[in-house]
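If you want the building blocks of each chain, they are given just below.
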Amino acid sequence: MAQSVGPFKYHVGIKSLAQIATRQDRVCVLNIMGGESSEVTPVGHAWSGGNVVFGTSPGRRGQVLETPQGDIPVYNNVREGLEAGHQFNCGVVYLPPSAADDGVVELIRVNPELQKIFIPTEKMSVHDAREIRAMAQARGIDIFGGNSLGVADSWNQVRIGGALGGDAPGDTLRKGSVAILSNSGGFTTTIAQYLRMGGWGTTTLVSSGKDVYIHYAAPEFAFAFGNDDRSKAAVLYCEPGGYYELDAEFTKPVVACVVGRWKSRLTRAVGHAGAMSGGGDDAASKERWFMQKFGVDALFTRERPVCSAKGAVVVNIADIPAALTAVMAANGVKPDFAPEGTTELKPWFGSNMRVALPPELDLPVVRAAVPYDVQVETLDRHVGAVFARAAMKDASGVSQMDPKTQVTRLNGVSVLDAAQYPLEANVNLALLKEPGGENDRKLVSVAIAAHLNLHGDATLAAAQAAREAGNAPNAVLAAALAIVGPRRTEPARAIASHLIERFAAAGLRDALDESFALEALLEADERGGQMLCSRPDPRAQAMLDALRARGARSVFVRYIERLGSYPSADAVLAAITTTLGWGPLMRRRISRLTVECLPAWVQLFGTLIGASVDAERHEPTRFCGIAEADLLGSRSLTEVACVALLHEKPSESDLFTFQTLVGLLLSNGPGTISAQGAKGAVSSDGPEQPERVQLNKGLLGFLTHCGYAHGGNGYEGVAFLLDQFKDSGLADPGDPSHGVDIAALAARYVDTYARYKSEKKTSGNLDIQKIPGVNHPVFKDKPVNHDPREVFIGELMQQRGEHNVFHAFYKALVQRLYDEGVSRTVYCVNIDAVIAALLLKIVWPAYRAGSIKADALETAAFTIFLYARMLGCAAEVDDHLNRGRNMDTRAAASACRFVT
């Protein structure tokens, strides 16, 4: 039995810290094949020179745990291992709390050579802990734990019973003169690393654990520390709870780090077994104990380094090295070796994003350690975001519907907010993850407008042939987009890639910086000739003239113009789209791939809108009656698309209604049929080789997955309203003094519907037709129900002073259904009713004048859905291109059913 230094009331079988973990120790691990043990045991075994002789795992006799030092045999129980000829003096117990005491009992009863037991198990009962301590005391055995990460010795290069030092103990545990006792296993390693940075190595490290009952606690540690000639000082990391530290008698310098003052405000223990409110063993109390032991009257801080030759008290582990150095200096002792660094944050890379930070927050970037320095340099040269690839079936990184409100967010923006943006802003939102500013809207309007007029182009011929064959709008547009393949879009895409490469290397941060010097880039651009033509390119010149007319700014356009000769249309387009994407690219919101694809998206969007218009409205220099200079140089994309849809110049109210519809229809999340079609097209092309994915095929997937039930179904509400208002004499649905008795219209329909519903029930046929735009499967069963999307749009119209008689009719209708007893509650007016009311309002004058027939109204309803959803689905295509895996949208065979 070890002799104590002075009076000592606990039995200690270990005399010195040097005896806790030695090269002579041999270890048996209980439950060696468990999740935690099988991870940490091989590392400790190898670092310790092979100190684990065998392990147990019931039912696994004959198996082995592979380690770098060789295989460790596994037996059913401890006795089998002993009978096989193995000898050990240390046991490690990786068992659950209810079984840990049985494991300890087994070790003690069958092995008379046992000297030490290590218990990683957390939250053993106090009753069990007392029993095993009494049994161990009687046999002269020391116990470490529970809730311990074991012990380690930097001199002996041994680790037992846990993970001290992490996966590479040698990187942290350098031989020195400081012992460590810590309630926290993780911080045991952290403190050793901090000490090493400050020039202090370690001797023995003990993770005491922080269960209510600590077996090898501060008193036992102090005794062994006093007898260890290697250890000149100690660091204690203490948490609230227990009086162990009060009983410890230290004969050498100590730095005590006491944490957890916040726990004193709690009424129950958290994490480790912390002290509860009102106890005398809270953090503040422990600070006082140590200050009395050390003869100091305050905590040690960088600003006020209070210490004595006996020790210091800190509350931040980052202060431990400085406190230890100060205490040891008072004893005339220098650090073990030159400091290896500091504990200050040393960022390897960073960006303030042009935000002025105060000096104390503006941390300098330092060169990373080898081999990370090369990796960081590579990352710094990388342009844009990089997204982790994953199976993206039924998943999206751009759209999400709230199941409670049924409101979808596209790139973090609610479609209700997007409904207040013009079309050109939603183009930006879909692909660049932000709506952009006024300059961006000018650029978008010019770029897409330049691709609207398809006169003389094969795309228009294909669309017109499909239209005349009686195809639905989505099939008409698909015929046109099939022609806009990679060979059409690749030249502009290659130029965009070239511009990104050169300007990123040149350090451009702001694509609108008119002071950015271009001379060096112009002189060294070997590929500049590929962006030029031998004669003027009419489309390029039209775009450049339009940009000047609008006052749009762009470093890239300025660069293209100064290359000399005649810029190509592809070069101008690439310059415009790279300008649009540059800000989000530099902020790493989007990938480089996304920006390289932008020219193709612009061409596809322009073709889609253009192909939705009959061929006779495409003229050599005019589109829908708008002259080219006006089309590119002054009209917004919102206005032009509205003209394409309505066949006439829209009013301000029409433009508001149009952009509201587009915003509402942008997306309904990745689960919609149209989004599934777009994602499936990318998945089948193989996004892991993104250069092989054809963007037009992504939009074709969207188009082929639209139809009269999904996309064209907006006409149901329009047809319903037409039927209700056919003989009303309504002249202007936006005039509050419209003169139509909507209450009478609602009463007439409810009377008819009530008789229809009664007849159906009487006949036993419960297949009752629903009223378009009324009720919703989510917003129901309250006395008065509301679709929050409809409420939002209603309030928005009210704020603008907009009136819509069709919307007012729907409100009157749901109230009348309730008043007449047709419905149990007041149904909601759903978002489909709002869309129908908005759409019919803007086409009503043309419909009443006879210039638009009922079938054209259906086409218009379908087409405006396609205008909007092309953006939402383009966002899904781009997202899947950046994140998805090859063929990730397919269904597993086990999920498919055969139906007979």
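Residues numbered from 1 in each chain as written. Predicted model: local features only at pLDDT ≥ 70, side-chain atom pairs only at ≥ 80, totals over all residues. Heavy atoms only, no water.

1. Remarks on the pairing of strand β6 (residues 116–119)
Here β6 shows a buried face lined by Lys 116 and Phe 118 and a second buried face lined by Ile 117 and Ile 119. Following the backbone out of strand β5 (residues 90–93), through helix α3 (residues 97–110) and into the adjacent parallel β6, one traces a crossover that is right-handed. Bridging between β6 and strand β7 (residues 142–145) involves four bridges; their strand directions are parallel. Across the sheet, Ile 117 pairs through a bridge with Ile 143, a residue of β7. (Buried < 20%, exposed > 50% of the residue type's maximum accessible area, 1.4 Å probe, protein only. Helix = DSSP H or I, 4+ residues; strand = E, 2+ residues; numbered from the N terminus. Right-handed = clockwise from strand over helix to strand, strands pointing away. Pairing = 2+ DSSP bridges.)

2. Quick notes on the sheet that holds strand β14 (residues 311–314)
Overall, mixed pairing links the seven strands, which are arranged β9-β8-β11-β10-β12-β13-β14 in an open sheet. Two strands in the sheet have a free side with no partner beyond their single neighbour: β9 (158–160) and β14. The average angle at which neighbouring strand axes cross in this sheet is 15 degrees, direction not considered. Sitting on the sheet, helix α9 (residues 283–294) is in contact with β12 (233–238), β13 (254–258) and β14, with an inclination near 165 degrees to β13. (Axes fitted to C-alpha atoms, helices over the stretch in contact; angles between N-to-C directions. Contact = heavy atoms within 4.5 Å.)

3. Focus on the sheet that holds strand β20 (residues 618–619)
Hydrogen bonds between backbone atoms are what pair the strands of a sheet, whose relative direction is either parallel or antiparallel. A sheet is described by the order of its strands in space; here three strands give the open sequence β20-β21-β22, paired in antiparallel fashion. The sheet terminates laterally at β20 and β22 (626–627), the two strands that pair on one side only. As paired elements, strand β21 (residues 622–623) and β22 share two bridges and run antiparallel to each other. Bridging from a neighbouring strand, Arg 622 pairs with Ala 627 of β22.

4. With respect to the pairing of strand β1 (residues 27–30)
Covered by surrounding structure in β1 are Val 27 and Val 29 together with Cys 28 and Leu 30, the residues of both alternating faces. With four bridges connecting them, β1 and β5 associate as parallel partners. Note that in β5 the partner of Leu 30 across the bridge is Val 93. The sheet contact formed by β1 and strand β2 (residues 52–56) spans four bridges and is parallel. Bridging from a neighbouring strand, Val 27 pairs with Val 52 of β2. Since β1 and β2 lie parallel, the crossover through helix α1 (residues 35–47) that links them has a hand, and here it is right-handed.

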